[in-house]
Amino acid sequence: MNRKLISACYLFAVLVMLTVLFAVNIPTASAATEINTWGELHDVRNNLSGSYYLGNDLDSSTAGYSQYASSTANGGAGFDPIGNSSNSFAGSFDGNGYKISDLYIDRGSASYVGLFGKTSSGALITQVGIENADITGDQYVGPLVGYNDDGTVKKSYATGTVIGDYRVGGLIGEIWGEPSEVNNSYATTDVTGNNEVGGLVGSNYGGTVTYSYATGSVTGSGGGLMGYNYDGMAGT
């Protein structure tokens, strides 16, 4: 066959292939959902394995605050934590450099209290800033995560106040399991509790905490960075 004809056929085949690739949208993974209001943040609980990212700051002036995250929301209980003991968050949440401010939760008799009540294996929370938080719970209490079970938290921080009874932290109430990780995160939160109270993490059972710190006050039985550390690792 004529070389020019072979070359022409090859070029045509390549052009057809490129046309198909660019014309047809071949899905590789589910697109992440953008969060712009408190109502959209609240609805994360409807798909606990989804992927999400903040599209702007959330604060007391953002749509939905009074209904979902203020001191009058939910009969005075404030924000309803995303994930609980039986249905935990296992997706991804990227703060995208934006902040969540003025988060209010008053659930003094409840466990698994925080923006995320409970996270589990596969959960990835990154670049989330919680500012001016006002959080009250009973056990497993933290502004960002109440109970982190094999999940990962990176490049996140919290400020404000946290009050609880047991396993209370300035960022996370409890870390559980060897795959659990907290990295490049900090808290300046003032933390008050009774047992296992820490400036960053209330209790760490087998998890890893690296390149992280806490500078807030800690009132209760515990420590400055972690209230209790059993078989976990902390360092750089």
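This text follows the structure it describes.
Residues numbered from 1 in each chain as written. Predicted model: local features only at pLDDT ≥ 70, side-chain atom pairs only at ≥ 80, totals over all residues. Heavy atoms only, no water.

A.B. asks: Help me understand the pairing of strand β11 (residues 145–149), please; the structure alone is not making it clear to me.
C.D. replies: Along any regular strand, the residues point their side chains to alternate faces of the sheet. Counted residue by residue, β11 has five buried out of five residues, so it is predominantly covered. Pairing between strand β7 (residues 116–119) and β11: three bridges, direction parallel. Across the sheet, residue Phe116 finds its bridge partner in β11, namely Val145. Here β11 runs beside strand β15 (residues 172–176); their pairing, made up of four bridges, is parallel. Counterpart to Asn148 in the pairing with β15 is Ile175. (Buried < 20%, exposed > 50% of the residue type's maximum accessible area, 1.4 Å probe, protein only. Helix = DSSP H or I, 4+ residues; strand = E, 2+ residues; numbered from the N terminus. Pairing = 2+ DSSP bridges.)

A.B. asks: In this structure, what is going on with the sheet that holds β7? I would like to understand it.
C.D. replies: Whether parallel or antiparallel, the strands of a sheet pair through hydrogen bonds between backbone atoms. The five strands lie next to each other as β7-β11-β15-β19-β23, forming an open sheet whose pairing is parallel. Where the open sheet ends on each side, the last strands, each with one partner, are β7 and β23 (226–230). The sheet shows a mean angle of 5° between the axes of neighbouring strands, taken without regard to direction. (Axes fitted to C-alpha atoms, helices over the stretch in contact; angles between N-to-C directions.)

A.B. asks: Looking at this structure, how should I read unusual backbone geometry?
C.D. replies: In most cases, non-glycine residues show a negative phi, while peptide bonds are predominantly trans. One non-glycine residue with positive phi stands out, namely Asn74, at about 55°. Mapped onto the secondary structure, Asn74 falls in the loop between α3 (65–68) and β3 (92–94). A positive phi is found at Tyr211, a non-glycine position, where the angle reads about 50°. Note on placement: Tyr211 falls in the loop between β20 (208–210) and β21 (213–214).

A.B. asks: Please explain the nonpolar core as it appears in this structure.
C.D. replies: Note on soluble globular proteins: their nonpolar side chains tend to be buried together. Judged by nonpolar contacts, the single largest core of 45 residues is most densely connected at Leu41 and Leu144. Breaking this core down by element, the ones donating at least two residues are α2 (38–42), β2 (51–54), α3, β9 (129–136), β13 (157–163), β15 and β18 (190–198). Counting residues per element, this core draws most heavily on β9, which supplies three residues. The contacts of Leu41, once residues within four sequence positions are left out, are Ile35, Leu58, Phe79, Ile82, Phe93, Ile100 and Leu115. (Core = buried A, V, L, I, M, F, W, Y, C linked by side-chain atoms within 4.5 Å. Contact = heavy atoms within 4.5 Å.)

A.B. asks: Any chance you could explain the pattern of salt bridges here in plain terms?
C.D. replies: Note on pairing: side chains with opposite charge can pair once their charged atoms come close. Enumeration according to the criterion identifies four salt bridges in this entry. Residue Asp57 pairs with Lys99 through a salt bridge whose shortest N-O separation is 3.5 Å. Taken together, the residues Asp57 in the loop between β2 and α3 and Lys99 in strand β4 (residues 99–101) connect sequence positions 42 residues apart. Judged by its relative accessible area of 32%, Asp57 falls in the partly exposed class. A relative accessible area of 27% means that Lys99 is categorised as partly exposed. As a salt-bridge pair, Glu196 and Arg167 come within 2.9 Å of each other at their nearest N and O atoms. Separated by 29 residues along the polypeptide, Glu196 in strand β18 and Arg167 in strand β14 (residues 166–169) bring together distant segments of the chain. Relative accessible area serves as the criterion here: at 11%, Glu196 is assigned to the buried category. Linked through salt bridges whose partners overlap, the residues forming this network are Arg167, Glu174 and Glu196. (Salt bridge = Lys/Arg side-chain N within 4 Å of Asp/Glu carboxyl O.)

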